[in-house]
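Structure at a glance
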Amino acid sequence: MSQDLETEQRVSAALPPVAPSVTAELVAALSPRLRKRLDAGTAKLADRPAVRDGDTVRIAVDDSTDVELHAPGGTVTSAEAIRCGCLLAPDCLHRAAAASAAPIAEPVAAADSGEVETGSQEPVDTTEPERATPQQCAAARAVHAAATAVLEAGTDGSGAVLQAELLRAAHTARLAGLPRAGATAVSVVTALRAARSADPAHRLADLVTALRDALSAAHRIPHAEGPELTELRGTVRQPYRPDGSLRLYGLFSEPVLTASGYAGAVTWTADPEGRLFQVSDVAPGGAGRATGAADRAVRVGDTALTHRELARAGLAVSGATVSPTGRLGAGAGVRAVRASGADWREEPLDRLWAVPVADQVSRALGGGHDLLFLDVTLTGTVREAAGDCLLADCGGVPLRLTAAHDHPALPHRDNLRLLAAARGSRLRVVARLVPAPHPRAQLLATEHPTLPGTRVDTGLDRLLHADLPASPAPPAAAPTPDEAPVHLLRRRVHQAASGGRLVLSFPGNTAADVRRLSRHGLATAGDLVDELHAAAAERSRDVFGRLLPADTDRFARAWLAAARYTDEVDRSLCAAAWGA
């Protein structure tokens, strides 16, 4: 990575998160001339030193001019909170550039604020299904238009101006009561910024997923009704409900480091019935906070346990409040004290590994938690475009274990590389399912390869060569999965998200790929390939024979259909590969 990009990431991480509406407002106020200079201005400002003084971060534009971001409570919530000392202020480029360089503020979660939401809902009259309001339909169209513009331009063309339009649409969606659509739009901007800044954590699949979700929700909202509309609307905060007293046993901790400028740790625990609960500590910050949060006290009651300690100990909680996803609340009425933990091979944790793997995969694909508790034998490694994968045998299923995060400050990748030298080791692991045509998961925690009863959190603990067995088993040949060629369509979906519509508009023969897809029973995928290229390349003419602009809406529909199709095929092939 170049020194300029490293500087941009370091300074951006020091800036406080800025509310999406603030960035949108400042960019919208720029003159057309200044908008053309916004990307260059953002890059230049990110290259300048930033100093934090309490709730204020000050960026030196030059020797005599500073930009100040005032963030009481840690977040910039108004345009007036960003000030510049130059002669053109407040109509200068610097304020919009500072907002565009800063992380995007996320809504405060109920658990972080200690609030408990147990409210009831009014009964819904089902005789006439509820439909989206005109305001919600307009907000959905705004999100769709902004996301379509991003898809048209691709990553390189989606600079600060297009990002601001998407943030404005996100803010409009939230005001209209569509928090889910707003969140997906913000996710697209977050993925775009990660891609454009060469963030090591960026993955093109994340951008594709964010774009797919934003376009899908915006497309369906005007036509949805009843339960579908309720799901598409989403909720601002998860409801936290009382859950009485809990006896929890630590499983593992994982670091959190997002492209949107948030970092921390999440510790997973289980109760005697096998239900999973999480204790979270995530706040604005960078890699330093992700690695250091594990040694902070957990935010449940007044216990002094750190996340790293809780991962191997236990917790007795009274007055517990829990979200639908198992996140523990931190309200004033919650009490917690340290208790004894349990080994993975002891009750009650042992029962997590007793669940058949196929059932665990079915649960994850059906909307349950995506953690897998597996008994594996390490067999070697295989090289992929994204890096080396750890090969393992899981009850006769050839499994590929990947790094959960690629940031160099986190030890995921280094630990994976060392474990590849522990061939023949039989270990219990915790992994996160990755839907793919072959068995694949991200490694989160494992038993120590030479110290029985010791656990390794692969995102926090660093293995050493001395931890490996003295005489590893000989490497096994890497299996070559016999996969349906859905990648022929997926590759085009990814190319469009990265390079925009134009990359698929150039002349080319798709017949060979279509025939190959049809031979494998994927005729629909072949039709989608043809439509995607046609939507990208075909242009109508006016009555004078002049070419009209491309139909970007048609291309967005074709791309969304292809993205949704590949996602569903991947899920079906994933279930089949695991025997689910």
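What counts, and where the lines are drawn
Residues numbered from 1 in each chain as written. Predicted model: local features only at pLDDT ≥ 70, side-chain atom pairs only at ≥ 80, totals over all residues. Heavy atoms only, no water. Helix = DSSP H or I, 4+ residues; strand = E, 2+ residues; numbered from the N terminus. Rg over C-alpha atoms; globule rule 2.2 N^0.38 Å. Buried < 20%, exposed > 50% of the residue type's maximum accessible area, 1.4 Å probe, protein only. Pairing = 2+ DSSP bridges. Axes fitted to C-alpha atoms, helices over the stretch in contact; angles between N-to-C directions. Parallel < 35°, antiparallel > 145°, perpendicular 65-115°, else oblique. Left-handed = near helix turned anticlockwise from the far one by under 90°. Contact = heavy atoms within 4.5 Å. Nonpolar A, V, L, I, M, F, W, Y, C, P; charged D, E, K, R; others polar. Salt bridge = Lys/Arg side-chain N within 4 Å of Asp/Glu carboxyl O. Core = buried A, V, L, I, M, F, W, Y, C linked by side-chain atoms within 4.5 Å. Expected span 1.5 Å × (residues − 1). Polar contact = N/O pair within 3.5 Å; in protein donor to acceptor, adjacent residues only side chain to side chain. pLDDT = per-residue confidence, 0-100. Disulfide = S-S within 2.5 Å.

1. Structural notes on the overall build of the protein
A count of helical and extended segments in the protein gives 20 helices and 15 strands. Relative to its length of 580 residues, the protein is compact, with a C-alpha radius of gyration of 25 Å against a globular reference of 25 Å. C-alpha extents for the protein along the principal axes are approximately 75 × 65 × 60 Å. Here the protein, with 580 residues, has 50% of them falling under the buried criterion.

2. Quick word on the sheet that holds strand β2 (residues 56-60)
Across the sheet, 4 strands lie side by side as β1-β2-β3-β4; this open sheet has antiparallel pairing. At either end of the open sheet lies a strand with only one pairing partner, and these are β1 (50-53) and β4 (82-84). Strand-to-strand, the axes of this sheet are offset by a mean angle of 20°, without reference to chain direction. With 4 bridges connecting them, β1 and β2 associate as antiparallel partners. Bridge pairing in β2 links V51 to R58.

3. Considerations on the packing of helix α15 (residues 357-365) against helix α20 (residues 552-578)
At a minimum axis separation of 9 Å, α15 and α20 run at an interaxial angle of 165°. In terms of axis orientation, α15 runs roughly antiparallel to α20. Every pair of crossing elements has a handedness; the one defined by α15 and α20 is left-handed. Contact residues: α15 offers V357, A358, V361 and L365, while α20 offers R571, C574, A575 and W578. When grouped by side-chain class, the residues that make up the contact of α15 with α20 number 7 nonpolar, no polar and 1 charged.

4. Focus: the sheet that holds strand β7 (residues 276-284)
Sheet strands pair by backbone hydrogen bonding; their relative direction is either parallel or antiparallel. Strand order in the open sheet formed by 5 strands is β7-β6-β5-β8-β9, with antiparallel pairing between adjacent strands. In the strand order of this sheet, the two ends are held by β7 and β9 (335-339), each with one partner. Shown here is a sheet whose adjacent strand axes are inclined to one another by a mean of 35°, direction ignored. Pairing of strand β5 (residues 241-257) with strand β6 (residues 262-270), which is carried by 8 bridges, proceeds in the antiparallel orientation. Bridge pairing links Y249 to A270 in β6.

5. Overview of the environment of G396
Within the secondary structure, G396 sits in the loop between β11 (387-394) and β12 (397-403). When its relative accessible area of 55% is taken as the criterion, G396 is described as exposed. Along the primary structure G396 and T377 are separated by 19 residues, whereas in three dimensions their C-alpha atoms are 9.8 Å apart.

6. Here we look at the pattern of salt bridges
Note that side chains of opposite charge can pair when their charged atoms are close. Taken as a whole and assessed by the stated rule, the structure comprises 33 salt bridges. R492 is the salt-bridge partner of D513, the closest N and O atoms lying 2.8 Å from each other. Of this pair, D513 sits in helix α18 (residues 511-519) while R492 sits in helix α17 (residues 487-499), placing them 21 residues apart in sequence. An identical accessibility class is assigned to D513 and R492; each is buried. When salt bridges that share partners are traced, they join D295, R308, R312, D457 and D461 into one network.

7. A look at the nonpolar core
Within the largest apolar cluster, 61 residues are counted, with the highest numbers of intra-cluster contacts made by L151, L166, V188, L211, I221, F555 and W559. With 9 residues, α20 is the largest single contributor of residues to this core. What V188 contacts, discounting residues up to four positions off in sequence, is V150, L166, L207, A210, L211 and A214. Core analysis: the next-biggest nonpolar cluster, separate from the first, contains 32 residues, V18, L34, L38 and V76 among them.

8. Some details on the pairing of strand β10 (residues 371-384)
Note that β10 and strand β13 (residues 426-433) share 7 bridges and pair antiparallel. Residue D375 lies in a different strand from β13, and its bridge partner there is R428. One ladder, built from 7 bridges, connects β10 with β11; its direction is antiparallel. Opposite G380, over in β11, you have L391 as the bridge partner.

9. A short note on unusual backbone geometry
A cis amide bond, omega 10°, links A89 with the succeeding residue P90. With respect to the secondary-structure elements, P90 resides in the loop between β4 and α5 (93-101). Here the amide bond leading from E347 into P348 is cis, since omega sits at 5°, within 30 degrees of zero. Among the structural elements, P348 can be located in the loop between β9 and α14 (350-354).

10. Things to note about helix α10 (residues 204-220)
The end-to-end C-alpha separation of α10 is 24 Å, in line with the 24 Å expected for 17 residues at 1.5 Å each. Those residues of α10 that sit buried are L207, V208, A210, L211, R212, A214, L215, S216, A217 and A218. Buried positions along α10 lie against α7 (134-157), α9 (179-196), α11 (226-233), α17 and α20.

11. Quick word on the side chain of D271
Inspection of the secondary structure puts D271 in the loop between β6 and β7. Of the polar contacts made by the side chain of D271, one reaches the backbone nitrogen of E273; its length is 3.0 Å. Apart from the residues within four sequence positions on either side, D271 is in contact with R247, L248, F277 and P348.

12. Side note on the confidence of the model for the protein
Detailed reading of predicted coordinates is not advised where the pLDDT is low. In the predicted model, the protein carries a mean pLDDT of 88, and 92% of its residues have values of at least 70. Of all helices and strands in the protein, the one with the weakest mean pLDDT is helix α6 (residues 110-113) (35), whereas β13 scores best (97). Segment residues 1-13: pLDDT under 50, and 20 contacts once partners within four positions in sequence are set aside and those in other chains are kept. Residue range residues 109-127 is modelled with pLDDT below 50. Its contacts to residues more than four positions away, or to other chains, number 31 contacts.

13. With respect to the state of the cysteines
Under the definition given, this model contains 0 disulfides. With no disulfide of its own, C86 lies 3.5 Å from the sulfur of C84, the closest cysteine sulfur. What makes C86 buried here is its relative accessible area of 15%. As a non-bridged cysteine, C394 has C574 as the owner of its nearest cysteine sulfur, 12 Å distant. Among the residues examined, C394 registers a relative accessible area of 6% and is labelled buried.

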